Amino acid sequence: MNILLRELKANLRSLGIWSSVTVLFIIMGMSEFSAYAGNEKMMEILESFPEPLMEAFKISSFNLTTVSGYFGMMSTYYVLMLCIHAFLIGNSIISKEERDKTIEYSLSLPVKRSRLISYKLIAALINCIVLTSVTYAASLITALKYLPEENYHRFLFLCFISFVIMQIMFLSMGALLACLLRGYKKGGYIGVSIILIAYIMSILADLSETLDFFKHITPFKYFDPVNIFNNLSINTLYIAISLLFSTASLAFAYILYNRKDLYI
């Protein structure tokens, strides 16, 4: 338990920064929505944009003059931020002992490596849940003055459930990379690159029928806000695939960490 508290305390400042930036981003986004709210002329202007641009930013999929539609468009950016945070904390919370030259202290504790990594991953998951909760609360509160539609609250809740599932995926991937790679410097760059490539693949899947198979590869299409908005549900098959991937990644992370040569 002391290890868990130590990890939570060590990441408190980082969590505060991420939370502040996310809330500020949401406030700025919703202040911009005041120009769209109930203004059909804005949609007419947006519809004059090139179709690939509208598809990339999901402008054509949502009515941006409504709270639900605007959140649907903005949710892509929210989940990108949350997934990048999840990967980085999953990676750094494992590798930082080598980076900060404190691995000798950690290994001297009367706990097994598997228990040590468990506490670290629990701390990382708590950080992700807190950041997601802050993002959810900010999205809910900033929308209240615009009198959101009846389905907005269910749509918002389902989106954030999907965000948590995606965060678990990228957190487990970050932990796996930290256990797999020698050294600690490459993990963050590789992780952010993977997330951005997965996001670009989700855009390409919408733009080209020949690249439609990308939707089966990238998690950004598993939990597409357009599908969630239209169906007001999440595909249980994709939930199962995501959790299976996360479980496999964590299992390999445990195996690798127990066998890894840690540099003091």
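Everything that follows concerns the structure shown earlier in this document.
Residues numbered from 1 in each chain as written. Predicted model: local features only at pLDDT ≥ 70, side-chain atom pairs only at ≥ 80, totals over all residues. Heavy atoms only, no water.

### What to know about the overall build of the chain
Under the convention used in this document: Under the DSSP-based scheme used, a helix requires at least four consecutive residues in state H or I and a strand at least two consecutive residues in state E, with every element numbered from the N terminus. Here's how the labels work: a residue is buried when its accessible area is under 20% of the maximum for its type, exposed when over 50%, partly exposed in between, all with a 1.4 Å probe on protein chains only. The contact criterion used is simple: two residues touch if any of their non-hydrogen atoms lie within 4.5 Å. To measure how exposed things are, a 1.4 Å probe is used in the Shrake-Rupley method; for residues, cover is taken only from the protein chains shown.
A tally of regular secondary structure across the chain gives twelve helices and zero strands. Listed by position from the N terminus, the elements making up the chain come as α-α-α-α-α-α-α-α-α-α-α-α. Burial status across the chain gives 47% buried among its 264 residues. Across the chain, contacts joining residues at least 24 apart in sequence account for 76% of those joining residues at least 6 apart. Total accessible area on the chain stands at roughly 13400 Å², and carbon and sulfur atoms take up 66% of it.

### Points about the pattern of salt bridges
Quick reminder of the rule: Should a side-chain nitrogen of Lys or Arg be within 4 Å of a carboxyl oxygen of Asp or Glu, the pair is scored as a salt bridge.
Inspection of the entire model under this criterion finds two salt bridges. Residues Glu 7 and Lys 120 are paired through a salt bridge, measuring 2.9 Å at the closest nitrogen-oxygen approach. Taken together, the positions of Glu 7 in helix H1 (residues 2-10) and Lys 120 in helix H7 (residues 113-143) put the pair 113 residues apart, joining distant regions of the chain. Take Glu 7: its relative accessible area is 0%, and that puts it in the buried class. Here Lys 120 falls in the buried class, since its relative accessible area comes to 0%.

### Comments concerning the nonpolar core
The condition is simple: The nonpolar core is taken to be a set of buried Ala, Val, Leu, Ile, Met, Phe, Trp, Tyr and Cys residues, with the residues joined through side-chain atoms within 4.5 Å.
In this structure, Phe 71, Phe 170, Ile 195 and Phe 220 are the most contacted members of the largest nonpolar core, which totals 47 residues. Put simply, the parts of the chain that give this core at least two residues each are helix H2 (12-33), helix H5 (67-99), H7, helix H8 (152-180), helix H9 (186-207), helix H10 (219-222) and helix H11 (225-231). Once you skip the residues sitting within four places of it in the chain, Phe 170 turns out to touch Cys 83, Ala 86, Phe 87, Ile 195, Pro 219 and Phe 220. In terms of nonpolar packing, the next biggest core, distinct from the first, is built from 20 residues, Ala 86, Ile 117, Ala 178 and Tyr 257 among them.

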